[in-house]
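A look at the structure
Here's the letter readout for the chains.
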Amino acid sequence: MSTERSEQVIDTCCTTVHTLGRQNAKKEKSLRYMQKDGKFPVMFQQAPGDWTTYWIDIFTSLVEIRWRMMFLIFSLNNIVSWLLFGLCYWLIAHVNGDSDNADDDLCVSNVRDFTGAFLFSMETGATIGYGYRHVTENSIVAIIVVTIQTVFSCLLDTVVIGVVVAKMASARKRAQTVGFSRCAVVNLRDRVLCLSWRLGDFRGNHILEGVVRVQLIRYVKRPVGSLVITYQDLDIEEREIVLATPTTIIHKLEPGSPLYNMGPDNLQDNRFELVVSFTYTGDSTGILHQTRASYTSADIRWGQRFQDMLKMGKKHYKVDFSLFHVTTWVPVPFLSAEEYNRRGRPADGTTLIPIGKRNRHIAQVNLNINEEMILQTFL
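None of these values were measured; they are calculated from a predicted model. (Residues numbered from 1 in each chain as written. Predicted model: local features only at pLDDT ≥ 70, side-chain atom pairs only at ≥ 80, totals over all residues. Heavy atoms only, no water.)

**As for the packing of aromatic side chains**
Stated precisely, the cut-off is as follows: Planes of paired rings set the category: under 30 degrees apart is stacked, over 60 is edge-to-face and the rest tilted, where pairs are Phe, Tyr or Trp rings (Trp by its six-membered ring) whose centres lie within 6.5 Å. For helices the rule is a DSSP run of H or I covering at least 4 residues; for strands it is a run of E covering at least 2, with both sets numbered from the N terminus onward. Under the scheme applied here, a residue whose accessible area is under 20% of the maximum for its type counts as buried, over 50% as exposed, and between as partly exposed, the area being computed with a 1.4 Å probe on protein chains only.
The tally for this structure, following the rule as stated, stands at 8 aromatic pairs. With centroids separated by 6.3 Å and ring planes inclined at 45 degrees, the aromatic side chains of Phe 85 and Phe 152 adopt a geometry described as tilted. In this pair, Phe 85 sits in helix 4 (residues 67–96) while Phe 152 sits in helix 6 (residues 140–168), placing the two residues 67 residues apart along the sequence. The exposure class of Phe 152 is partly exposed, given its relative accessible area of 37%. Between the aromatic rings of Tyr 89 and Phe 120, the centroid separation amounts to 4.8 Å while the plane-to-plane angle is 70 degrees, which identifies the pairing as edge-to-face. Of this pair, Tyr 89 sits in helix 4 while Phe 120 sits in helix 5 (residues 114–125), placing them 31 residues apart in sequence. Considered together, Tyr 89 and Phe 120 belong to a single accessibility category, that of buried residues. Ring pairing ties together the aromatic residues Phe 202, Phe 321 and Phe 324, which thus form one cluster.

**Observations regarding the packing of helix 4 against helix 6**
Inclusion rule: To obtain each axis, a line is fitted to C-alpha atoms, and for helices this fit is confined to the stretch in contact; angles are then taken between N-to-C directions over 0 to 180 degrees. The labels follow the angle: roughly parallel below 35 degrees, roughly antiparallel above 145, roughly perpendicular from 65 to 115, and oblique for the rest. Residue classes follow a fixed rule: Ala, Val, Leu, Ile, Met, Phe, Trp, Tyr, Cys and Pro count as nonpolar, while Asp, Glu, Lys and Arg count as charged, and any other residue, Gly among them, counts as polar.
Taken N-terminus to C-terminus, the directions of helix 4 and helix 6 make an angle of 175 degrees; their axes are 11 Å apart at the nearest point. With respect to their mutual orientation, helix 4 and helix 6 come out roughly antiparallel. Here the contact of helix 4 with helix 6 is composed, by residue class, of 20 nonpolar, 4 polar and 1 charged.

This is the structure:
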C-alpha cells in the first residue's frame, strides 16, 4: 500500500474520530451518576426526619455548610445572645430602680438604660469588661445571670473554634489537590487490551498510602419510569499505592470483566459509568481523605495512551504535570477484548513509525498491516 494511500486513510479515520468525539460530547451532557468533581447530583424528597436529621447532628451540619453561612450563623448567635442577656440586665436594673437610685444601691453599676445594659452584656460575653460597668453585690440575680452568660460564652467559643478547625482540615479541600485524568484510555499492554487512567498528587509526596477502588454503575429504566442502579466492582492491578509520583491505574479486559465483550463500535451504546475513588492518609495531618471521579463511555478513548511525564534527573525525578491529561494515538485492534482473544493475538515485534500529528496527537501505523487494520486503528 502506497504512502499517499495511507495518508488518505488516516485523514478519513481522523475525520471519523472527530465526528465520534462530537457525538460523545452530546452524550456527555446527559445526567451522570457522579460528577467529575466527585459530587453526586442527588436530591432527597420527603426524607425521614427532614430537617431534624440536621439538627440532631448540628456539628456536622455546621462543618458542611459554606463559610459565609457559618459566619452569618455565629454572628447572629453572638448578637442575639448579647441582646437577650442585655434585656435581662435591663430588667434587673429596671426592677431595682437603678435609674433613680444612688450609685451605692445599684445592681449593675453604670447601667441605667437598655443601651448600657447591651454594652455590659457584650463586654461580658466577649470577656473584654472595661471595669466601667460591673455587677455589684446588691443583687444576687444579676450575679447569677453574669455567671450563666460567662459559661454560655465559653461554650459558644469552643463550638466556633472546633467548627473552624474542622472546616480548615476538611478532607474535601485536600481531595482537590489529588486528581484523576479527565479521560480513560484503552490500549494494549503485554498483548492484552487494558482500560487505564491516571492518578496524581499535585502537591508532591504528601501521601502515606492509599487504596484505589473502581465500581461499574449501570442504569436500567423500567417501563413505569423508575430507575434501577446496579453496582459491580472491577479488578485492578495494584490497589494499594504510595503516590510519590503520578501512576496509571490498569484494569485488564479479560474474561470476567463486565467490559470484556464491549468494543469501540458498541461502547457508546452501553449506558454505564465507572466510579473511581482513592482513599488515602495525608502525611501532614494524618487525616483520612478520599478523591473521587467518574468516567462515562464518552470519556473512554479507544486506541490511545497517556504521554510519558516522568523523567530522571541527576538528583530528582522530574514530573511534567502539563502532560497529565495528554494522550497520543497507538495502534489498537478495532475489536472487543473477547473478539480480539478469539481471533488470536498478533505476534510481537511489529515495527511502528510516526506518520505525523493530527490535532496535537501523534498518529502511528504498522508498516505490515493492511488498509482495513489502519481503519480499525484510528476509528
